[in-house]
Amino acid sequence: MNDKKFCLIWNDALKSADRDAFISEWSLSSMWGDQDDDGIAKTAAEIGNIWDVAHMSVRNLCSRVGIGQSELSRRFCIPLRTVQNWCGGQNPCPPYVVLMMARLLGML
């Protein structure tokens, strides 16, 4: 998937509340050309992962990768208090920061 397609899908994922409808719409899109069933399944899994990360909290991101708040803070030079506020729900983490961290942590 090229960056242009990824950005379209990511931005749409942020707006979409229905995961299944989102995956169905994007995985069956004509933008992928002709795909066999295996190709559609692979595309659907990739798109589902994008939706999951777009709707993931920082707390869930840490859990999924297996790192603590202190480690996340150290890896990305983000003040620990900021990470704690994101994980505790006091402040929302901007979606572009979640995207950056997920990509650098190998989730996308």
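As shown above, the structure is provided for reference.
A few points on the structure.

About the cut-offs
- Residues numbered from 1 in each chain as written.
- Predicted model: local features only at pLDDT ≥ 70, side-chain atom pairs only at ≥ 80, totals over all residues.
- Heavy atoms only, no water.
- Helix = DSSP H or I, 4+ residues; strand = E, 2+ residues; numbered from the N terminus.
- Contact = heavy atoms within 4.5 Å.
- Axes fitted to C-alpha atoms, helices over the stretch in contact; angles between N-to-C directions.
- Parallel < 35°, antiparallel > 145°, perpendicular 65-115°, else oblique.
- Left-handed = near helix turned anticlockwise from the far one by under 90°.
- Nonpolar A, V, L, I, M, F, W, Y, C, P; charged D, E, K, R; others polar.
- Phe/Tyr/Trp six-rings, centres within 6.5 Å; stacked < 30°, edge-to-face > 60°.
- Buried < 20%, exposed > 50% of the residue type's maximum accessible area, 1.4 Å probe, protein only.
- Lys NZ or Arg CZ within 6 Å of the ring centre and 35° of its normal.
- Expected span 1.5 Å × (residues − 1).
- Arc of directions from axis to C-beta.
- Polar contact = N/O pair within 3.5 Å; in protein donor to acceptor, adjacent residues only side chain to side chain.

Across its full length, the chain holds seven helices and zero strands. When the helices and strands of the chain are listed from N to C terminus, the series reads α-α-α-α-α-α-α. Counting only C-alpha atoms and orienting by the principal axes, one finds that the chain spans roughly 50 × 25 × 20 Å. Counting contacts in the chain only where the partners sit at least 6 residues apart, residues at least 24 apart contribute 56% of the total.

Axis separation between helix H1 (residues 3-15) and helix H7 (residues 95-104) bottoms out at 12 Å; the angle between their running directions is 130°. Regarding the angle of H1 to H7, the classification is oblique. Crossing angle aside, the handedness with which H1 passes H7 is right-handed. Residue-level contacts link Asp3, Phe6, Trp10 and Leu14 of H1 to Pro95, Leu99 and Arg103 of H7. For the contact of H1 with H7, a count of residues per class yields five nonpolar, no polar and two charged.

Our focus in this paragraph is the packing of aromatic side chains. Under the defined criterion, the tally for this structure stands at two aromatic pairs. Here the aromatic rings of Phe6 and Trp10 are separated by 6.2 Å at their centres, their planes lie at 15°, and the arrangement is stacked. With Phe6 and Trp10 both in helix H1 and four residues apart, the pair spans about one turn of that helix. The exposure class assigned to Phe6 is buried, which follows from its relative accessible area of 7%. Look at Trp10 and you get buried, because its relative accessible area is 5%. Summarising the aromatic geometry, the rings of Phe22 and Trp26 are spaced 6.5 Å apart at their centres and angled 55° between planes, so their arrangement reads as tilted. In this pair, Phe22 and Trp26 are both assigned in helix H2 (residues 19-27), four residues apart and thus about one turn of the helix distant. When its relative accessible area of 2% is taken as the criterion, Phe22 is described as buried. One Lys or Arg, Arg103, reaches over the ring of Phe6 and ends 4.0 Å from the middle of that ring.

Okay, H1 next. Here H1 contains 13 residues, and its C-alpha end-to-end distance of 19 Å stays within 8% of the 18 Å for a straight helix at 1.5 Å per residue. What H1 keeps buried is the set Phe6, Ile9, Trp10 and Ala13. Viewed end-on, H1 has its buried residues packed into an arc of 100°, placing them on one side of the element. The exposed residues of H1 that point more than 90 degrees off its buried face are Lys4 and Lys15. Of the residues flanking the start of H1, the one acting as N-cap is Asn2, its side-chain oxygen 3.2 Å from the backbone nitrogen of Lys4.

Take helix H6 (residues 80-88) next. Among the residues of H6, Val83, Asn85, Trp86 and Cys87 are the ones counted as buried. Just past H6, the residue Gly89 takes up positive phi, approximately 85°.

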